[in-house]
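# Inside the fold
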Amino acid sequence: MAVTSHAYLAAEPAVATAADSAVLSNAWLLIALPLAGAAILLLGGRRTDKWGPWLATALPVAAFAWALLALFDLLGRGADARSVAVPVYQWFAVGDFSAGVDLLVDPLSISFVLLITFVGSLIHIYSLGYMSEDPGKRRFFAYLNLFVAAMLVLVLADNFVLLFLGWEGVGLASYLLIGFWQYKPTAATAAKKAFLINRVGDIGLLVAIMIMFTALGAVSFSDVFAAVPGAGDGVLLAVGLLLLLGACGKSAQLPLQAWLLDAMEGPTPVSALIHAATMVTAGVYLIVRAGPVFEAAPVAQTVVTVVGAATMIAGGIIASAKDDIKKSLAGSTMSQIGMMVLAAGLGPVGYVAAIAHLVTHGFFKAGLFLGAGSVMHAMNDGVDMRRYGALRKAMPVTFATFGLGYLAIIGFPLLSGWWTKESIISAAFGVGGTRGLVLGTAVIVGAALTAFYMSRMVFMTFFGEKRWEEGVHPHESPVSMTAPMVVLAIGSVALGAFMTLGDRFANFLAPSIGAHPHHFDVAHAFTAPYGIAALAVMAGGVALAWVVYLRRPVARTAPKANLVTAFAREELYGNQINEGLLMRPGQVLTKVLLVVEDKIIDGAVNGLGTGVRDSSRGLGRAQTGFARTYALTMLLGAVIVAATLAVRF
Amino acid sequence: MIPHMDLPVVTEGPPEINWWLLAPLLTLFAAGVLGVLFEAFVPARRRRRLQIGLAALALLAAFVLLVLQIGTLPEGQAGVTVAAGVLAVDRTVIFFQGTITVLALISLLLIAENRDGRDAFAAQAATVPGSEEERAHILAGSQHTEVYPLVMFAVLGMLMFPASNDFLTMFIALEVMSLPLYLLCGLARRRRLFSQEAAVKYFLLGAFSSAFFLFGIALVYGYAGSVNFGTIRAAVEAGGAEIFQGEGGDGEPLLLMGIGLVAIGLLFKVGAVPFHNWKPDVYQGAPTPITALMASCTLVAAFGALLRVFFVPFGTSAASWEPMLWAVAVLTMVAAAVIAVTQRDIKRLLAYSSVVHAGFILTAVVANSTDGLAGAMFYLAAYGFTTLGAFAVVTLVRTKDGGQELGDLERWAGLGRRSPALAGALALFLLAFAGIPLTSGFIGKFAVFEAAVAAGATPLVVVGVLSSAVTAFFYVRIIVVMFFRDPEGDGPTVVRAGAATGGVITIGVAATLLLGLYPGPVLDHLLPSSETGPEPVAVMVDQASTDTDG
């Protein structure tokens with residue numbers, strides 16, 4: 001790999017030590033707690049209707065408490081001794097092969113565990129209010145718990161196979177929750193769509209694991225990374241691109257982005273937890289975790305940055321045109337994750353920035369979604385922003401928390417999003433050369449888009465005049481819903497500063513992912529050209545939104561669109577492309593395969609079956625029941641034995 | 001090292017005998033003899049309880065003694081030989097013997113199961129089937145309590161078989177094991193003619209195979225000048241006994257014929273194709289508890305002996321017998337799996353299944369390595385528990401009218417709905433037979449195939465995996481019949497499981513799951529491993545040869 005300065009040299013990821021404390025050696029509890037909740041609620045049936053949701057809320061909270069203990073345990077160790085291998089279950093070991101379940105607790109995984117359990121707990125609490133009237137409440141909480149457990153498996157796995165198990169688990173939970181209101185055809189279709197598109201990515205990840213197993217002879221993180229220097233370029237490129245394909249599916253990156261907007265059919269807490277804060281960031285986790293593979297395959301790394309940059313811009317454009325508040329937020333999620341993927345593709349210099357942005361994004365985006373849910377709650381489940389307006393007085397808490405999340409995401413100075421987005425921008429420019437210039441500029445364009453579409457959303461929802469439907473009487477949501485929003489808003493304001501000042505997060509995270517801690521210079525961020533540029537485009541984006549959506553009245557129905565807007569409203573024709581390029585040829589292929597299956601494969605299988613049955617009857621005829629025949633058979637056997645002993649091989 | 005060919009030394013005193021290491025065998029022998037005396041002197045109505053108690057106590061005592069013996073084996077070497085080198089006591093042997101005693105104890109539960117005063121055995125075997133005399137005995141409630149001493153003697157033979165350290169002892173063990181089994185096979189309470197036919201066939205073919213075995217021993221003696229395993233191994237290494245050295249000519253044909261004939265005797269006992277014909281007929285005809293005993297304990301004993309013979313006396317001439325075992329293993333895995341596809345009777349199906357499993361275990365013998373030995377040991381133990389459970393289920397499914405066991409699988413339709421627990425247990429056993437992960441069968445299969453691949457026998461493993469696929473077909477078909485087909489007119493009745501049979505099924509389920517989910521302790525601590533502990537095969541040889549030399 002091309003090295004321009006020592007800062008870009010990857011350090012060896014820290015070697016895992018054995019778990020020796022009660023907290024860490026029982027890290028399986030983190031997964032077991034929510035999993036038990038899902039099992040109790042699903043198997044217990046109606047008997048658990050009354051207390052089930054409360055139990056399901058308490059368990060992720062308990063897991064969060066355990067994760068906090070684990071964090072303190074890790075902090076009590078030396079910076080290089082914070083990768084702890086936790087053997088959970090040894091299934092069997094035969095010869096040189098052993099199979100079992102092992103977890104890896106290190107700064108990277110514990111960061112995710114904390115994010116998942118903390119945001120997860122808040123969203124469970126929020127759901128107590130949001131889903132209080134839903135008849136399927138118990139099932140909903142069971143699936144939520146299942147999701148948390150699967151997501152924790154994904155991030156705590158110490159090998160790609162177990163990671164894949166978690167990967168499929170979150171896919172399943174996501175499918176169940178998007179289609180939670182299965183009586184709505186749109187929800188059922190959206191769930192199916194998400195599942196199918198994710199299959200494509202999953203196959204990529206699966207094939208990548210198979211290649212690792214055959215070409216590198218290992219599937220555990222440490223063994224794979226140890227085998228990377230001796231592996232061929234082709235193998236590494238293939239593994240890198242296939243891992244990226246997996247990441248694209250789960251994280252809704254181009255070209256597998258089309259499912260995320262439809263996934264908003266799920267209940268809003270699901271959108272906040274799964275399709276904003278946690279699951280969709282799994283792709284970023286995968287790329288950072290598999291860092292050594294990508295670092296050894298520069299072409300794959302470049303593709304990662306290109307995919308990230310393209311998705312970031314595309315997501316921003318889509319978000320700018322959607323009138324559905326959740327879909328607009330979904331476009332924003334695509335865009336923000338694209339930014340993280342771009343950072344992760346920069347190599348070790350961008351890892352910390354990517355994960356830091358992922359964590360702060362988890363807070364403010366979850367807060368924004370919960371705010372959107374609160375607004376929908378008040379507007380009789382209406383999602384069209386053109387029927388909102390002037391809600392700031394009716395819903396002061398929602399407005400305040402949503403507003404803080406908004407300021408964080410557009411990168412208002414000193415709020416959480418600013419710190420982490422600034423880190424990504426400086427990392428991108430820091431790469432140097434044309435690559436750095438292009439990527440850095442792309443991030444700034446992405447930031448401009450963010451400022452525009454988020455301002456548009458806030459102006460259309462909370463400002464301007466009332467454009468409400470008949471019979472809608474907005475009111476503030478109950479405290480079980482607003483409390484989590486307040487907590488997330490506090491995180492949106494302060495978390496970035498807490499993590500970045502003194503390079504706390506960078507120093508904590510860097511050893512486990514082989515990155516050198518990257519110092520964040522506050523003064524530099526305000527004085528460097530790109531820092532100023534970022535602030536300028538943010539102001540520009542807000543101003544443009546102000547001109548278009550606040551100074552002029554907003555139409556109650558979407559006006560006739562120009563070319564660009566139509567393009568954006570149609571989600572850049574992603575669905576049409578999928579249909580024309582994949583679905584229709586796929587249907588033809590299915591028909592052809594059906595014929596092949598009927599005529600050729602079935603024929604062969606049936607023929608084989610008949611063949612086996614006939615030879616079975618033939619051979620069975622030797623079983624005459626006469627001892628003399630048996631003795632003769634034995635004599636024949638003696639001849640075979642003599643022959644095989646006599647012949648020299 | 002060239003073995004001594006001097007005249008036999010006349011010993012001055014009795015040989016030194018380690019009674020402690022012989023204690024498990026002697027316990028069972030004493031129990032058998034005592035059982036015979038009970039038959040003679042204890043009144044008929046009190047015999048049954050006494051015999052069962054004695055047998056159970058003896059097996060339990062033998063097991064405890066075996067466990068205690070492990071501690072007294074010398075550190076750093078696999079084991080020792082006892083009684084002037086005729087028996088070997090090492091960790092491998094103790095594992096086999098321990099497995100056999102546990103499995104025999106569980107089989108005893110099935111044998112002792114007594115429903116309405118009737119067990120699985122004929123009221124009076126000497127009466128003509130269907131005669132007035134027979135009916136009189138049935139009405140009088142006569143019972144053959146001789147079954148228990150016969151079982152004791154059979155188990156004694158099974159314990160000796162894998163422990164034998166010379167061919168003559170092995171032959172005696174073979175006969176001690178087989179003769180009581182021939183008798184027991186003919187004692188079924190129902191379908192007595194069928195049962196007697198099976199017994200006669202088993203006896204005739206068993207005698208036939210014993211002749212091969214004995215002839216093979218003679219030829220090997222001619223080649224090596226000894227029947228002792230250690231001495232034979234040394235002789236094979238040296239190229240034959242002294243008379244074959246120098247100008248004496250080539251003794252190899254003698255050795256090869258000897259190996260072949262001995263192998264036939266052993267392959268008959270494990271039921272490898274084409275020496276398997278007795279298995280379906282005998283398994284079907286014998287009283288099911290005895291079938292269970294044979295399918296589990298006899299198979300373990302026979303494979304224990306086969307492994308010892310091929311690894312110790314013939315261990316240094318592996319190149320000459322490996323092609324032969326390749327051929328037999330392939331034949332066994334393919335032919336038995338194919339024939340099993342069209343079987344309609346559950347006991348015949350399980351018999352063919354046992355033949356296929358023998359083929360899988362043969363791949364571990366071909367591997368000729370410590371891993372292979374360990375794999376075979378695990379496989380045998382796992383299979384023993386599972387097959388006991390399966391046969392226990394078979395004893396419970398009866399016809400509506402006559403109350404005899406219902407073997408016809410087509411009429412098992414709907415069993416899963418009628419008695420879900422029983423059908424579920426059988427389904428688990430069948431999945432274990434098929435080698436589905438998270439059951440003991442998977443680990444066993446993985447262990448033997450892994451060993452075979454490591455030893456370069458990959459084609460054999462490919463055949464094995466394909467054969468597994470075929471076997472999975474008929475195992476799953478039974479599950480489909482039980483759970484997904486509507487019961488037909490005169491479906492089966494399920495006899496309520498007594499404590500004994502229920503216990504056997506429970507133990508079978510527990511062992512199948514435990515060894516499938518958590519095999520670590522057994523794999524790590526009970527089985528030999530090439531990395532830890534002494535080399536099991538090599539040390540057995542050293543011990544054998546030092547004993548004969550010294």
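Residues numbered from 1 in each chain as written. Chains lettered and ligands numbered in written order. Predicted model: local features only at pLDDT ≥ 70, side-chain atom pairs only at ≥ 80, totals over all residues. Heavy atoms only, no water.

What follows concerns the overall build of chain B. A count of helical and extended segments in chain B gives 21 helices and four strands. What you see for chain B is a C-alpha radius of gyration of 23 Å, in line with the 24 Å of a compact globule of 550 residues. Summarising its shape, the C-alpha atoms of chain B cover approximately 75 × 55 × 40 Å along the three principal directions. Among the 550 residues that make up chain B, the fraction classed as buried is 62%. Considering only contacts within chain B whose residues lie at least 6 apart along the sequence, 80% involve residues at least 24 apart. Accessible surface for chain B amounts to roughly 19800 Å². Of this, 66% is attributable to carbon and sulfur atoms. Between the averaged position of the 30 positive side-chain charges in chain B and that of its 39 negative side-chain charges there is a distance of 19 Å. (Helix = DSSP H or I, 4+ residues; strand = E, 2+ residues; numbered from the N terminus. Rg over C-alpha atoms; globule rule 2.2 N^0.38 Å. Buried < 20%, exposed > 50% of the residue type's maximum accessible area, 1.4 Å probe, protein only. Contact = heavy atoms within 4.5 Å. Areas by Shrake-Rupley, 256 points an atom, 1.4 Å probe, with all protein chains shown as cover. Lys, Arg positive; Asp, Glu negative; His and termini not counted. Charge placed at Lys NZ, Arg CZ, Asp CG, Glu CD.)

Before going further, it helps to examine the pairing of strand β2 (residues 87–90) of chain B. For a regular strand, side-chain orientation follows a simple rule: the groups alternate between the two sheet faces. All names here are of chain B. Here β2 shows a buried face lined by Leu87 and Val89 and a second buried face lined by Ala88 and Asp90. The pairing of strand β1 (residues 79–82) with β2 spans four bridges and is antiparallel. When the sheet's bridge partners are listed, Thr81 is paired in β2 with Ala88. Hairpin remark: β1 followed by β2, antiparallel, with four residues in the connecting loop; positive phi at Ala83, about 50°. (Pairing = 2+ DSSP bridges.)

Our focus in this paragraph is the pattern of salt bridges. Counted by the stated rule, this structure contains 22 salt bridges over all chains. Among the salt bridges present, the one from Arg199 of chain A reaches Glu168 of chain A, with a minimum N-O distance of 2.8 Å. Residue Arg199 of chain A is found in helix α7 (residues 185–216), and its partner Glu168 of chain A is found in helix α6 (residues 160–178); the two are separated by 31 residues along the sequence. We classify Arg199 of chain A as partly exposed; its relative accessible area is 29%. On the accessibility criterion, Glu168 of chain A (22% relative accessible area) is partly exposed. In this structure, the salt-bridge partner of Arg192 of chain B is Glu134 of chain B, at a minimum N-O distance of 2.7 Å. With a gap of 58 residues between them, Arg192 of chain B in helix α7 (residues 192–224) and Glu134 of chain B in helix α4 (residues 132–140) connect regions that are remote in the sequence. In this pair, the class of Arg192 of chain B matches that of Glu134 of chain B, namely buried. Salt bridges here are not isolated pairs; linked through shared partners, they connect Glu197, Lys201, Asp281 and Arg348 of chain B. (Salt bridge = Lys/Arg side-chain N within 4 Å of Asp/Glu carboxyl O.)

Let us look at the interface of chain B and chain A. Taken residue by residue, the interface counts 49 residues in chain B and 33 residues in chain A. Taken together, the links from chain B to chain A amount to eight residue pairs in polar contact (both at pLDDT 80 or more). Of all the secondary structure elements, the ones that give two or more residues to the side of chain B that touches chain A are α7, α9 (252–270), α10 (278–285), α12 (318–341), α13 (346–367), α17 (440–454), α19 (499–517) and α20 (520–526) of chain B. Of all the elements, α12 of chain B adds the most residues to the side of chain B that touches chain A, at eleven residues. Its residues assigned to classes, the side of chain B that touches chain A comprises 33 nonpolar, eight polar and eight charged. (Polar contact = N/O pair within 3.5 Å; in protein donor to acceptor, adjacent residues only side chain to side chain. Nonpolar A, V, L, I, M, F, W, Y, C, P; charged D, E, K, R; others polar.)

Once the domains are mapped, chain A shows domain 1 (12–156), domain 2 (357–569) and domain 3 (581–646). Distance between the C-alpha centres of domain 2 of chain A and domain 3 of chain A: 65 Å. (Domains from an automatic or database assignment.)

To continue, consider helix α3 (residues 91–112) of chain B. All names here are of chain B. The terminal C-alpha atoms of α3 lie 31 Å apart, and with 22 residues this matches the ideal 32 Å at 1.5 Å per residue to within 8%. Counting buried positions along α3 gives 18 out of 22 residues, so the element sits mostly inside the fold. Its side-chain oxygen placed 3.1 Å from the backbone nitrogen of Thr92, Asp90 serves as the N-cap of α3. (Expected span 1.5 Å × (residues − 1).)

Attention shifts here to the packing of aromatic side chains. Under the counting rule described, the total for this entry stands at 38 aromatic pairs over all chains. For the ring pair Trp278 of chain B and Tyr283 of chain B, a centre distance of 6.3 Å and an interplane angle of 80° mean the geometry is edge-to-face. For Trp278 of chain B, a relative accessible area of 3% puts it in the buried group. The exposure class of Tyr283 of chain B is buried, given its relative accessible area of 1%. In textbook terms, an aromatic cluster arises when at least three aromatic residues are bridged by ring pairs, as seen for Phe167, Phe171, Phe213, Phe229, Phe310, Phe314 and Trp321 of chain B. The aromatic ring of Phe498 of chain A is capped on one face by Arg504 of chain A, whose charged end is 4.5 Å from the ring centroid. The ring centre of Phe194 of chain B lies 4.6 Å from the NZ or CZ of Arg191 of chain B, which sits over that ring. (Phe/Tyr/Trp six-rings, centres within 6.5 Å; stacked < 30°, edge-to-face > 60°. Lys NZ or Arg CZ within 6 Å of the ring centre and 35° of its normal.)

Right, let's get into the confidence of the model for chain A. For chain A, the mean per-residue pLDDT works out to 85, and 96% of the residues sit at or above 70. Across residues 1–10 of chain A, confidence stays below pLDDT 50; counting only partners more than four residues off in sequence or on other chains, it has 14 contacts. (pLDDT = per-residue confidence, 0-100.)

All names here are of chain B. With 92% of its residues at a pLDDT of 70 or more, chain B has an overall mean of 88. Element-level mean pLDDT values for chain B span from 43 in helix α21 (residues 536–549) up to 96 in helix α5 (residues 147–160). With pLDDT under 50 throughout, residues 1–6 is counted as low confidence; its partners more than four residues away or in other chains account for eleven contacts. Within the model, the stretch residues 537–550 combines pLDDT values under 50 with 28 contacts to residues more than four positions away or in other chains. Interface scoring of the predicted complex returns ipTM 0.86; its pTM is 0.77.

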